Amino acid sequence: MEGGKGGAEAGPSSGTGSSSNHEEMSEKPSGVCELGREEEEEEEEEDDGVDESKGDESTVSGSFVPGPLVSLKDQIEKDKDDYSLRRWKEKLLGSLESDLNGQMEPEVKFQSIGIISDDFGEINTSLPVNENQSNNFRFTLREGSHYRLKLTFSVLHNIVSGLIYSNTVWKGGVKVDESKGMLGTFAPNPEPYVHTLEEETTPSGVLARGLYSAKFKFEDDDRRCHMELKYTFEIKKR
């Protein structure tokens, strides 16, 4: 609006010892030298293969692919014989007996959205808003004022992973701002979560004043859209 490196070891010096080694090597049969070169070439080829495999691993790790979705009921019952792990899950997930229905998809229900500003304090609007109303979630801010948006939502049925938001703002049909942020990962909980976004500042000047339209969108790692909220707001002269 959701890292040191060790020093490299020093190589052999190029003193008189290296020349004597060269003379001893020249006295050996040529087949031994050739064999040594072949072994060195094979080692270099193996080293190259290792480097390539490392490169492939880094390439794969760069694009994260979420694992298969498992119901919350299966996650809890999977380790029910392990007492310590079961207690850890109970502490993490809380009391969720009523929600262990085997449903795979997590559900995020947004209950309210609020705005906190020094100009007027805090204003909260219940969600979902009535789509038939012309002024869905409308508020007024003065130019150059600081404000924060506050979200209240519940998570049901399963863990929602990587919940993110995007907020797009238009003025007169022209997109003037777009922001994205991470809310986080949330376990199902009978109590709602309250999350306050980072502080923002409204623009100043004659051109900044006027009526704006905007759209909030909330998605998770699996690109499930949990809510789209269209709203309007106005910036007035201070």
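About the thresholds
- Residues numbered from 1 in each chain as written.
- Predicted model: local features only at pLDDT ≥ 70, side-chain atom pairs only at ≥ 80, totals over all residues.
- Heavy atoms only, no water.
- UniProt positions renumbered as here; feature names shortened; annotations may be inferred.
- Pairing = 2+ DSSP bridges.
- Helix = DSSP H or I, 4+ residues; strand = E, 2+ residues; numbered from the N terminus.
- Axes fitted to C-alpha atoms, helices over the stretch in contact; angles between N-to-C directions.
- Buried < 20%, exposed > 50% of the residue type's maximum accessible area, 1.4 Å probe, protein only.
- Contact = heavy atoms within 4.5 Å.
- pLDDT = per-residue confidence, 0-100.
- Salt bridge = Lys/Arg side-chain N within 4 Å of Asp/Glu carboxyl O.
- Phe/Tyr/Trp six-rings, centres within 6.5 Å; stacked < 30°, edge-to-face > 60°.

Looking at an unreviewed UniProt entry, one finds the protein named Rho protein GDP-dissociation inhibitor and attributed to Parasponia andersonii. Its UniProt record gives the protein the following Subcellular location (unreviewed entry) comment, quoted word for word: "Cytoplasm". According to its UniProt record, the protein has this under Sequence similarities (unreviewed entry): "Belongs to the Rho GDI family."

Let's shift gears to the sheet that holds strand β9 (residues 210–219). Across the sheet, which stays open at both edges, the five strands sit in the order β3-β10-β9-β5-β6 with mixed pairing between neighbours. Only two strands of the sheet have a single neighbouring strand rather than two, namely β3 (138–142) and β6 (174–186). Direction aside, neighbouring strands of the sheet carry axes that sit 25° apart on average.

Moving on: the environment of Y147. Residue placement: Y147 occurs in strand β4 (residues 146–156). Y147 gets classed as buried once you look at its relative accessible area, which sits at 14%. Considered as a pair, Y147 and I116 are 31 residues apart in the sequence and their alpha carbons are 5.5 Å apart. Not counting residues within four places of it along the chain, the set of residues in contact with Y147 comprises I115, I116, S117, L141, E198, E199, E200, T201 and T202.

Of all residues in the protein, 55% attain a pLDDT of 70 or more, and the chain-wide mean is 73. In this model residues 1–40 is a low-confidence stretch, pLDDT under 50, and it forms 19 contacts with partners more than four residues away in sequence or in other chains. Here residues 45–61 is a poorly scored stretch, pLDDT under 50, and it has zero contacts once near neighbours within four places are set aside; other chains count.

For the structure shown, the criterion picks out ten salt bridges. Where E228 meets K217, a salt bridge forms, and the shortest distance between an N and an O atom there is 3.8 Å. Of this pair, E228 sits in strand β10 (residues 225–236) while K217 is found in strand β9, placing the two residues eleven residues apart along the sequence. For K217, a relative accessible area of 25% corresponds to the partly exposed category. E219 is paired through a salt bridge with R223; the nearest N and O atoms lie 3.7 Å apart. By relative accessible area, E219 is classed as buried at 16%. On the basis of relative accessibility, which here comes to 59%, the residue R223 falls in the exposed class.

By the definition in use, this model includes 14 aromatic pairs. With centroids separated by 5.1 Å and ring planes inclined at 0°, the aromatic side chains of Y212 and F233 adopt a geometry described as stacked. Separated by 21 residues along the polypeptide, Y212 in strand β9 and F233 in strand β10 bring together distant segments of the chain. Each member of the pair, Y212 as well as F233, carries the same accessibility label: buried. An aromatic cluster is built from F110, F137, F139, F153, Y165, F186, Y193, Y212, F216, F218, Y231 and F233, whose rings are joined through pairwise contacts.

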